[in-house]
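Observations on the three-dimensional arrangement
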Amino acid sequence: MNEKRSVWDYEDIVGRGLLEDLELLAGNISGKVQHVNATYTGGGVAEILNSLIPLFKGLEIETEWNVIRGDDEFFSVTKSFHNQLHGRVGGPVDVRAHEQVSVLEDLEEQIKELSTKKRMLETYLHWSDVNASEMTNDGDFVFMHDPQPAALIRTKEKGHWIWRCHIDVSSPDPLVWNFLRDFVSKYDASIFSTPLFSRPDLGIRQFLVPPSIDPLSDKNIELSPGEIDKVLDKYEITTDKPIITQVSRFDRLKDLPGVIDAYKLLKKRIDCQLILAGGVAADDPEGMEVYREVLKKAEGEADIHLLLGSPPFADIEINAFQRASTVIMQKSLKEGFGLVVSEGLWKGKPVIGGATGGIPLQVINGVTGYLVHSVEGAAYKIANLLKDPELARKLGENGREHVRNNFLITRHLKDYLLVMLSLENPSRIIRL
Ligand code: UDP
C-alpha cells in the first residue's frame, strides 16, 4: 500500500487545531513505523490500518504494513485463541460435571484435551518461526496487532515494540493467556482499547487508545439518495417498511441468532425488515459454518435479507445498508470495540447494542442508543424507536457528535503519535 493521504482532507470534519497538532507531533518522530497483523481484509483491525497507514505516510513518516501468513490449522488455532481470550460467554461450564463418568474416563478426557492444546501451541509457534524467517521487523516503532503475530517479539533486535491488543483479555482462559503473556510481557508497551480490557499482570507500560472510523472512507462517506437506492435495488430491498441492520462477520460472538429472535418478536407488532450483512474474514475458518446456521434460522422469513458478501461487500454497499436503516443493531455477546457501532452512529442512526466490550463506550444508554441484555430487551427498544422517529433522530444526532469527538481516525492517529513520542523519550515535553 503506497498511497498517501493528507490529514488536511479532514479539516471540515474535525477543524484545524487537531490537524496542526498532528503535523507538530509527526515532525518530532524520526524513524520507520511498522504495523503487523494477520489480514489485509475483513474485520476491524484491517479496516483501521487501511485508513491509518496512508495518513502516517501523508505526515511523511516512513510506514510499512506487513501481514503474517499461516495455513488453515494456524488460523483455526488463532481463532480458538481469540475465543478463549475473550472468555466464555456466561462463565465457565464444566461439561463433565453433568455426566456420569468414571475417574479413569475423566482422566483420559483431560489427557486428550491437554494434548490438543499442546498441538495448538506448537502450531502457533511453528508459524511464528516461519514468519520470523520471512519477515524483516526492523522498524523503529513496531506495532504488533492482536495475538496472531505476538510471538514475533522473539526476533526483536531494535526499536520500540508495542503489542496493540484489540480484544478484551480481562477474563481469559488461563492457559492461553499465560502462554501469550510470556511473549507480550517482553514488549516495550501494550495498548488496549479501554481500561476494562487491560491486564494487571503484564509488567510493561500500558496505554489506552480507543479505535476509530474513517469518515472519508467508502464505508462512511456521505452517499446521495440515488447511490443508496442503487445498492438497495441490487439486493432487491425496498424501503416501504423500516429497515433494521446488523453488519458483522458471521461469528458466534456477534449473536446473529439473537438478532433474528429479536426481529421475530418485533415483527409480530410492527411490519419491518432485517438486513444481516456480513462476510467471512480471511483468517476465520468458522465463518461459513455460522453462516449456514443463520441461514437455517432465517428460513421462511421473507423480510430477512441475509446477505453474504463473498468476497466481502464493497464498502459502499455496507455504507448504503447502514444509511438506509432506521435502527442499527450490534447485539454481540462479546465484542472487541465494535467499529460497526461508530459507523452506524456516524450516519446519524441510533444503535441498539449488547452491553459488552467497547459497545458501552459508544452507545450511551438513552443518549446515542440503547444497551440491551436480552432478545426481549432488544425487541422492545427497537419497537420504541420505530414508533418514535423524532426520538430515533435525536439519538442518532447525539451519536454522530459523540463519534466526531471521540472515535474518528484523526484522534486515533494523534494517540499513536503520542505513544511513539512517549516511548522514544518519556521525559520530553512537546507543547501543543
Ligand atoms: N465489515 C465489512 N464487511 C463485512 C463485515 C464487516 O466491511 O462483511 C466491516 C464493518 O463495517 C467494520 C468491520 O468490518 O468496519 C468490523 O469491525 P468490528 O470492530 O465491528 O468487528 P470485528 O469484525 O473486528 O470483530
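Along each chain, residues carry numbers from 1 onward, in the same order as the chain's sequence is written. Given that this is a predicted model, residues contribute local features only at a pLDDT of at least 70 and side-chain atom pairs are listed and counted only at 80 or more, while totals for whole chains, interfaces and linings are drawn from all residues. To get the side-chain values, all heavy atoms of the structure are used, and hydrogens and water are removed first.

**Describing the overall build of the chain**
- In this description a helix means any DSSP run of H or I spanning at least four residues, a strand means any run of E spanning at least two, and both kinds are numbered starting from the N terminus. Counting secondary structure elements, the chain contains 15 helices and 12 strands.
- With the C-alpha coordinates aligned to their principal axes, the bounding extent of the chain is approximately 70 × 60 × 35 Å.
- Type-normalised accessible area, obtained with a 1.4 Å probe on protein chains alone, sets the label of each residue: buried when under 20%, exposed when over 50%, and partly exposed for intermediate values. Taken over 432 residues, the chain has a buried fraction of 53%.
- Sequence separation of at least 24 residues holds for 74% of the intrachain contacts in the chain that already meet a minimum separation of 6.
- All accessibility values rest on the Shrake-Rupley procedure with a 1.4 Å probe; residue burial counts only the protein chains present in the view. Per element, the accessible surface of the chain, about 18,900 Å² overall, is 51% carbon and sulfur.
- For the chain, the distance from the average site of its 50 positive side-chain charges to the average site of its 64 negative ones is 3 Å. Any two residues whose heavy atoms approach within 4.5 Å are treated as being in contact. All tallies of charge rest on Lys and Arg as positive and Asp and Glu as negative; His and the ends of each chain are not included. Every charge is mapped onto a representative atom, which is NZ of Lys, CZ of Arg, CG of Asp or CD of Glu.

**Let's talk about the pairing of strand β5 (residues 189-192)**
- Residues Ala189 and Ile191 of β5 are buried on one face, and the alternating residues Ser190 and Phe192, pointing to the opposite face, are buried as well.
- Think of it this way: DSSP has to see at least two bridges between two strands before they count as a pair. Pairing between β5 and strand β6 (residues 205-208): 4 bridges, direction parallel. Looking at the pairing, Ile191 lines up with Phe207 of β6.

**Regarding the environment of Arg5**
- For Arg5, the position within the fold is in the segment before α1 (11-14).
- For the pair Arg5 and His305, spaced 300 residues apart in sequence, the C-alpha to C-alpha distance is 36 Å.
- Once residues within four sequence positions are removed from consideration, Arg5 is found in contact with Tyr10, Pro54, Leu55, Gly58 and Leu216.
- Polar contacts, as used here, are pairs of N or O atoms within 3.5 Å; protein pairs need one atom able to donate a hydrogen and one able to accept it. Residues neighboring in sequence count only if both atoms are side-chain atoms. Reaching out from Arg5, the side chain makes a polar contact with the side chain of Asp9 at a distance of 3.0 Å.

**Some remarks on the side chain of Ser193**
- Along the chain, the position of Ser193 falls in the loop between β5 and β6.
- Only 3.2 Å separates the side chain of Ser193 from the side chain of Arg164, close enough to count as a polar contact.
- Ignoring sequence-local partners within four residues, the contact set of Ser193 consists of Arg164, Cys165, His166, Val209, Pro210, Pro211 and Leu361.

**Considering the packing of helix α11 (residues 339-346) against helix α14 (residues 389-406)**
- Angles here are taken between N-to-C directions and fall from 0 to 180 degrees, while the axes themselves are lines fitted to C-alpha atoms, restricted in helices to the stretch in contact. For the pair α11 and α14, the least separation of the axes is 7 Å and the interaxial angle reads 120°. It follows that α11 is oblique to α14 by the angle criterion. Considering the relative orientation of α11 and α14, their crossing is left-handed. Residues Ser342, Leu345 and Trp346 of α11 pack against Gly396, Gly399, Arg400, Val403 and Arg404 of α14.
- Residue polarity follows a fixed list, in which Ala, Val, Leu, Ile, Met, Phe, Trp, Tyr, Cys and Pro are nonpolar, Asp, Glu, Lys and Arg are charged, and the others, Gly among them, are polar. Looking at side-chain class alone, the contact of α11 with α14 contains 3 nonpolar, 3 polar and 2 charged residues. Should an angle fall under 35 degrees it is taken as roughly parallel, and over 145 as roughly antiparallel, whereas 65 to 115 is taken as roughly perpendicular and any remaining angle as oblique. Each helix crossing is assigned a hand: it is left-handed if the near helix lies turned anticlockwise from the far helix by less than a right angle, otherwise right-handed if that turn is clockwise.

All we've got here are geometric facts, nothing functional implied.
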